[in-house]
Each structure stands twice: as structure tokens, then as C-alpha cells.
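As a plain string of letters, each chain reads:
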Amino acid sequence: MQLKPSPDLYFADGNIVLVASSTAFKVHKCQLARQSDMFSDLFHVASDTNNPGDEWFDGVAKVVLHDDSDDVAFFLKAIYDGLYFTPTASCFPALSSTLRLSSKYLVPHLQALCINRLVLDWPTTLSGWDQRENNSLDPNGKYNPREFTPHPVEVIKLVEEIGCDAFNIALLSQVVPSNSFYGATGSRILCTALYDLSRYGPSRILSSISNSPKSCAPPSPILARALQGRGSAQRFMANFIARELSGREPSLNCAYTAHKYPSAFTPQACRESFYFIMLNLLRSIGGIASGRDADPLFTLVQAVEMMERRDFSAGPGQSKTCGLKICGECKADFKACADRARKEVWENLPSWFGL
């Protein structure tokens, strides 16, 4: 097989050649051996320099790695130059390759850097998810998650390929601080990625995949889990609407009941406001309002934000806008209810996706 030297990782003073596919990387034994005991062992079994032969290339011993050449290139660059991530999805190829090989060859500090970045993009806590969603807005306020985070199918495949045990090992060895995971592992990252995938309708899931590289096409088990979780999310929101909004009565402390406001405002204003919110949530479930189906975490935030908006039409044929005539006490009561529901959603995600 004709070997092609790597354009970036072929050093004249290198003393070992790593071969991946048809690419040769001439590097330094000491640089790799100090990072990984596995490399140190590999170099010990390499042919001695006094016996050149098939196990040699360009005057030094060679070691054949059964890894993708792109993975090896990213991995070696991380060892030589360090690992730096940009706040965009473009860094995922380097992250995935480095995590894949740092897990295989046991380079814990690179594992830690990759896992910590994965947790930023695929959070293991609800507060982290909210921050991630805010970071996915462009300067004009448009939601564009694929610019900032990779396609969820890529992450799902990476976690399943490496195995959740790799994340557990990094956690147990305290390479990754336990408080950064709150006790979660790769299974929680997998869960978050499945939720991201499931938030859109089946046709949008498939169409987005068809426009992605073929490597992103989901095997049927991943698609089945995503659709299973999507159905659970929709059922949750349907039950929430029936339980908390359909015929919702004003708070026991409703300010309009206590006659703290002019007589033009009565508790009926709060009832009508809740009815208006219910209608808009029903539209959101179908994806008509925002195009984000089966996303209860987002839908519940929308419900709370509706109580403060002032851009609703004042009526047919009117150019004026107005807000909901809901009192502060009823707002606080419903916000607390929505916050509890969001926590319940987050806690239920693993069971929704069969994890």
C-alpha cells in the first residue's frame, strides 16, 4: 500500500510513524508516550531500528492504527497544539475525533475537555438547557441551533459508539469534576440530544436529515426513540392544558376579587386571559405558531411570556395593540405552576426516551 505523508503532522525529526488508512504521521514517541501508556506499550513492540523491513517507513519503525486517518489527525493536533473550541458547530469534527481516540487510547485530560464541551452543548441540567437555548439565538433573535450545535444525530451516534462507560470512567477518575455533571453521565447527554431531535415533526426530522451528510442519517432505533419521546411530550402538554388551563379559576389571592382595582376589572378578566393562553398553546402543539412541535420546555416558557406581552391585537380592524388583563397574583400563581411543569418535563425525559 502506497503511504502518503500527512501535510501537517510529518516531522523530519520524528522517530515513529503512525499509519492510519493510507496516511503516514511521523511523530515523536516521547510526546505520545507521556500522554498515554497504551502508546508507550505500542512503541515497545515496534520493530528495532537495526532490523529494517516491512515494519519500517522513512527510516523509522511504523505502527499501524486501525483508526480513521481524519480522527488520527485531529487527535494528534490536540496532543501537539492543544484543544480549543469555538462557540459554533464547526468544532464538532475535532471534538468527536479527539473524544473517540482519547477514550480508546486513554488520554484523560483530552477526554475531560471534550466531555465538558459536550455538556455545554447538550446540558445535563435544566438551567444549562435554558442557557444553551438562549445561546442559540442569533443577533436578530432568530433561533438557529444548528449554527451553534451539531445535528443531534451526530451526538447520539458518538455517545453510543464510545459507550456511556467512557463518561463514567472520566467521572469516577475525577478527570471531570462530579459537580459539572451533577451525577449524570453520557446517558444524560444522549437523552438531551434525543429531546433536541424529537422537538420537530417527523417530516421535518427526516427532511433535515436528508439535507445533512449521510453519516447523520439515523438508524431506526434512534428514530424510534425520538418519536416515542415526541409522543410523550405531546401527551404531557395535552394533560397540562386540560389540568391547568382548561376552565382555570383565578388565584385565591386574585387582586380583582379583592377590589384593589377599578370596577372595570373583575376576576373574569383573568379567566379570559387563561383561555387566551390555552388557545395559543394548542396552536403551539401543532407547530402552527412557532414551528417547534413537541417542545414542552419552550411552550411553557411561551405561556409565561404571554402574560407580559403587549403586542396582541386589540380587536378586528384595530391597529392598537394590548396585553392580557391578568392581575399580578394570578400571573405569579400560573408562573409557579409552569415552572413546576418544566422541572417535571426535565425529570421525565429519560423515561420518555426509554433510557
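The notes below deal with the structure included here.

Scoring rules and cut-offs
- Residues numbered from 1 in each chain as written.
- Predicted model: local features only at pLDDT ≥ 70, side-chain atom pairs only at ≥ 80, totals over all residues.
- Heavy atoms only, no water.
- Core = buried A, V, L, I, M, F, W, Y, C linked by side-chain atoms within 4.5 Å.
- Buried < 20%, exposed > 50% of the residue type's maximum accessible area, 1.4 Å probe, protein only.
- Helix = DSSP H or I, 4+ residues; strand = E, 2+ residues; numbered from the N terminus.
- Expected span 1.5 Å × (residues − 1).
- Phe/Tyr/Trp six-rings, centres within 6.5 Å; stacked < 30°, edge-to-face > 60°.
- Lys NZ or Arg CZ within 6 Å of the ring centre and 35° of its normal.
- Pairing = 2+ DSSP bridges.
- Salt bridge = Lys/Arg side-chain N within 4 Å of Asp/Glu carboxyl O.

As for the nonpolar core
- Core analysis: the biggest nonpolar cluster contains 84 residues, and Leu18, Phe25, Leu118 and Ile277 have the highest contact counts within it.
- Judged by nonpolar contacts, the second largest core, of 5 residues, contains Val17, Val19, Ala24 and Val60.

Quick look at helix H4 (residues 92–104)
- Over its 13 residues, H4 runs 18 Å from end to end, which matches the ideal 18 Å to within 8%, given 1.5 Å per residue.
- With 10 of 13 residues buried, H4 lies mostly within the body of the structure.
- The set of residues buried in H4 consists of Phe92, Ala94, Leu95, Ser96, Ser97, Thr98, Leu99, Leu101, Ser102 and Ser103.
- In the stretch just after H4, Leu106 is the one whose phi turns positive, near 60°.

A closer look at the packing of aromatic side chains
- Under the defined criterion, the tally for this structure stands at 10 aromatic pairs.
- Ring geometry for Phe75 versus Tyr105: centroids 6.2 Å apart, planes at 25°, classification stacked. Within this pair, whereas Phe75 is found in helix H3 (residues 69–81), its partner Tyr105 is found in the loop between H4 and helix H5 (108–121), the two being separated by 30 residues in sequence.
- Exposure remark for Phe75: the relative accessible area of 1% places this residue in the buried category.
- In this structure, Arg132 packs its charged tip against the face of Trp122, placed 4.8 Å from the ring centre.
- Sitting over the face of the ring of Phe274, Arg248 holds its NZ or CZ atom 5.1 Å from the ring centroid.

What about the pairing of strand E3 (residues 23–27)?
- Burial within E3 is extensive, with 5 of its 5 residues counted as buried.
- Judged from the 3 bridges that link them, strand E1 (residues 4–10) and E3 form a sheet pairing that is parallel. Paired with Pro5 across the two strands is Ala24, which belongs to E3.
- Sheet analysis places strand E2 (residues 16–20) next to E3, joined by 5 bridges and oriented antiparallel. Of the residues in E3, the one forming a bridge with Val19 is Ala24.

Describing the pattern of salt bridges
- Taken as a whole and judged by the stated rule, the model has 19 salt bridges.
- As a salt-bridge pair, Lys77 and Asp8 come within 3.6 Å of each other at their nearest N and O atoms. Separated by 69 residues along the polypeptide, Lys77 in helix H3 and Asp8 in strand E1 bring together distant segments of the chain.
- Given the relative accessible area of 31%, Lys77 is considered partly exposed.
- A network of salt bridges, in which partner residues are shared, links Arg132, Glu133, Arg146, Asp196, Arg199 and Asp295.

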